[in-house]
Amino acid sequence: MATASSSFSACTLGRAMPSPKAVKGSIDSMCSYPNLFSIQSSLKSISLSADITLPRGLSTTEQIRKFSSRERIQCGALDVEMMPSFLKGNKFQFDDVIEAQQFDRDTLSAIFEVAREMEKIEKKSPGSQILKGYLMATLFYEPSTRTRLSFESAMKRLGGEVLTTENAREFSSAAKGETLEDTIRTVEGYSDIIVMRHFESGAARRAAATASIPVINAGDGPGQHPTQALLDVYTIEREIGKLDGIKVGLVGDLANGRTVRSLAYLLSKYQNVKLYFVSPEVVKMKDDIKDYLSSKGVEWEESADLMEVASKCDVVYQTRIQKERFGGKTELYEEARGKYIVDQDVLGAMQKHAVIMHPLPRLDEITVDVDADPRAAYFRQAKNGLYIRMAILKLLLVGW
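Residues numbered from 1 in each chain as written. Predicted model: local features only at pLDDT ≥ 70, side-chain atom pairs only at ≥ 80, totals over all residues. Heavy atoms only, no water.

Caption draft 1: Examining unusual backbone geometry more closely. Omega for the peptide link from leucine 360 to proline 361 comes to 5°, which places this bond in the cis form. Along the polypeptide, proline 361 turns up in the loop between β9 (355-357) and α14 (378-398). A positive phi angle, near 55°, is found at asparagine 272, a position not held by glycine. With respect to the element layout, asparagine 272 can be found in the loop between α9 (258-267) and β6 (274-278). Judged by its relative accessible area of 67%, asparagine 272 falls in the exposed class. With a phi angle near 60°, leucine 360 is a residue other than glycine that sits in the positive phi range. The residue leucine 360 is located in the loop between β9 and α14 in this model. Overall, the relative accessible area of 15% leaves leucine 360 in the buried class. (Helix = DSSP H or I, 4+ residues; strand = E, 2+ residues; numbered from the N terminus. Buried < 20%, exposed > 50% of the residue type's maximum accessible area, 1.4 Å probe, protein only.)

Encoded structure:
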């Protein structure tokens, strides 16, 4: 039996809350938010003004709800010394969005709730002014269609304005030799938030370390693409109806694909997930991701048989072989290209509830006749990018 006394003591918060601050509040108000806290400490660090048996096998938030109802505690009398990060009006936990590892499961759920709110705004309130007066700068050193346009659409749909550079590698001072750091220091003087795509892995982290305004990583070479991973997980939840206990096949260029790397990081937050890696030998998933998944207890398996994997999976996540990452090694690219194609045969092997996803653009790795099948979710996936990016912009600029 564990007992408690006095008011809440300082709680150890998850890595999603780097700088906790004391906030007065009541458990009743907190309990109305199902994904309120990411608390790593046990309930030894929480104390209440009565002797209470702490039920085993429940999360901290569920235990608090139990106390509120079963033990009839007068929650309003309690002071809470922690940051209720998901309460409406509170500051977002992060200054920047740089990598998928930033987010824990509770934060993901809360972001998805905001994204659902954004869906309602996009459909019913085209004149939303949530971000009126804010200016977003997009710095894209690599080509982009969906990511750049969805960020710009997201900003405008929330009442904000956009400054854009579509090909900063050629049409900015970078072509003259200006450093990334100097570019960031300049652009932050013109805007309130920077969305950046770069050809070098780690560039987004450098930008965030330099800037005094929020920076969003819209893809950094073969590194990461965290907002794509957010919209991918959001899409899986909407299409499959769950995130725990799913099987996902990652197919194609797994060595250079920043989207599959970020997605693997996020899926590791969920229980009983199994990942299958299907790729040509020259673009196999790198060991850092495999080691990370193993350290988190996530089951993964490499396979050369797409048909077999497709028959087992809830999600087949196809990617293109990225020619631009091969440099001058054309023969290696040709060796990898076209080896794994999602076509009618693969559809026939898939389960009825399963879906096909793709971060786009596609070349020939999904045949066009697949588009008409309701399990082809990639254009719905792209649309979800708008809602996720609306949510992220809103959170970074004005908070929960």
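Caption draft 2: Structural detail: helix α8 (residues 226-240). The terminal C-alpha atoms of α8, which comprises 15 residues, lie 21 Å apart, in line with the 21 Å expected from a rise of 1.5 Å per residue. Extensive coverage of α8 is indicated by the burial of twelve of its 15 residues. Once α8 finishes, glycine 241 follows within two positions and takes phi at roughly 90°, a positive value. (Expected span 1.5 Å × (residues − 1).)

Caption draft 3: Summary view of the confidence of the model for the chain. This prediction gives the chain a mean pLDDT of 80; 74% of its residues lie at or above 70. Below pLDDT 50 for its whole length, residues 1-84 participates in 153 contacts with residues either more than four positions away or in separate chains. (pLDDT = per-residue confidence, 0-100. Contact = heavy atoms within 4.5 Å.)

Caption draft 4: Structural context of helix α7 (residues 203-210). Taken residue by residue, α7 has Ala203, Ala204, Ala207, Ala208 and Thr210 as its buried positions. Along the axis of α7, the buried positions cluster into a sector of 160°, meaning they face one direction only. Against the buried residues of α7 lie α6 (180-187), β3 (193-198) and β4 (215-220). (Arc of directions from axis to C-beta.)

Caption draft 5: How the structure looks around the pattern of salt bridges. The final tally for this structure, using the stated rule, is 24 salt bridges. The partner of lysine 156 in a salt bridge is glutamate 161, and the shortest N-O contact between them spans 4.0 Å. Exposure remark for lysine 156: the relative accessible area of 48% places this residue in the partly exposed category. When the shortest N-O distance is used, the salt bridge between lysine 290 and glutamate 302 registers 2.7 Å. (Salt bridge = Lys/Arg side-chain N within 4 Å of Asp/Glu carboxyl O.)

Caption draft 6: Here's a closer look at the pairing of strand β2 (residues 161-165). Pairing between strand β1 (residues 135-140) and β2: five bridges, direction parallel. Bridging across to β2, leucine 135 finds its partner in glutamate 161. Taken together, β1, helix α4 (residues 146-157) and β2 form a β-α-β motif whose crossover is right-handed. (Pairing = 2+ DSSP bridges. Right-handed = clockwise from strand over helix to strand, strands pointing away.)

Caption draft 7: How the structure looks around the packing of aromatic side chains. By the definition in use, this model includes eight aromatic pairs. Both rings, one in phenylalanine 92 and one in tryptophan 400, keep their centres 5.6 Å apart while their planes meet at 70°; by these two values the pair is edge-to-face. Here tryptophan 400 lies in the segment after α14 and phenylalanine 92 lies in the loop between α2 (60-70) and α3 (105-124), a separation of 308 residues in the sequence. Side by side, phenylalanine 92 and tryptophan 400 carry an identical accessibility label, which is buried. (Phe/Tyr/Trp six-rings, centres within 6.5 Å; stacked < 30°, edge-to-face > 60°.)

Caption draft 8: Molecular detail of the pairing of strand β7 (residues 299-303). Bridge count for β6 against β7 is five bridges, and the pairing is parallel. Within the sheet, the bridge partner assigned to valine 278 lies in β7 and is serine 303.

Caption draft 9: Examining the sheet that holds strand β8 (residues 315-318) more closely. Taken together, the five strands give an open sheet; going across it, the order is β7-β6-β5-β8-β9, and neighbouring strands pair in parallel fashion. Because the sheet does not close on itself, it has two edges, and the strands there are β7 and β9. Between one strand axis and the next, the sheet turns by 20° as a mean value, whatever way the strands run. Sitting on the sheet, helix α10 (residues 287-295) is in contact with β6 and β7, with an inclination near 145° to β7. (Axes fitted to C-alpha atoms, helices over the stretch in contact; angles between N-to-C directions.)

Caption draft 10: Structural view of the packing of α3 against α8. In the contact formed by α3 and α8, the axes pass within 11 Å of each other and the chain directions differ by 80°. Put simply, α3 runs roughly perpendicular to α8. Residue-level contacts link Leu108, Phe112, Ala115, Arg116 and Glu119 of α3 to Leu230, Val233, Tyr234, Glu237 and Arg238 of α8. Of the residues that constitute the contact of α3 with α8, the class distribution is six nonpolar, no polar and four charged. (Parallel < 35°, antiparallel > 145°, perpendicular 65-115°, else oblique. Nonpolar A, V, L, I, M, F, W, Y, C, P; charged D, E, K, R; others polar.)

Caption draft 11: Representation of the side chain of aspartate 373. Within the element layout of this structure, aspartate 373 appears in the loop between β9 and α14. Using a relative accessible area of 18% as the deciding quantity, one classes aspartate 373 as buried. There is a polar contact of 2.8 Å between the side chain of aspartate 373 and the backbone nitrogen of arginine 375. (Polar contact = N/O pair within 3.5 Å; in protein donor to acceptor, adjacent residues only side chain to side chain.)

Caption draft 12: Layout of the environment of leucine 306. Of note, leucine 306 is situated in helix α11 (residues 306-312). Looking at leucine 306, the relative accessible area reads 7%, which means it is buried. Contact partners of leucine 306, with chain neighbours within four places excluded, come to Val251, Val278, Tyr340, Ile341 and Val346.

Caption draft 13: A look at the sheet that holds β1. Here we have four strands laid out as an open sheet, ordered β2-β1-β3-β4, and parallel in their pairing. Every interior strand has two partners, whereas the edge strands, β2 and β4, have only one. Pairwise comparison of adjacent strand axes, ignoring direction, gives a mean angle of 15° for this sheet. Examined bridge by bridge, β1 and β3 share five bridges and lie parallel to one another. For alanine 137, the partnering residue across the bridge sits in β3 and is isoleucine 194.

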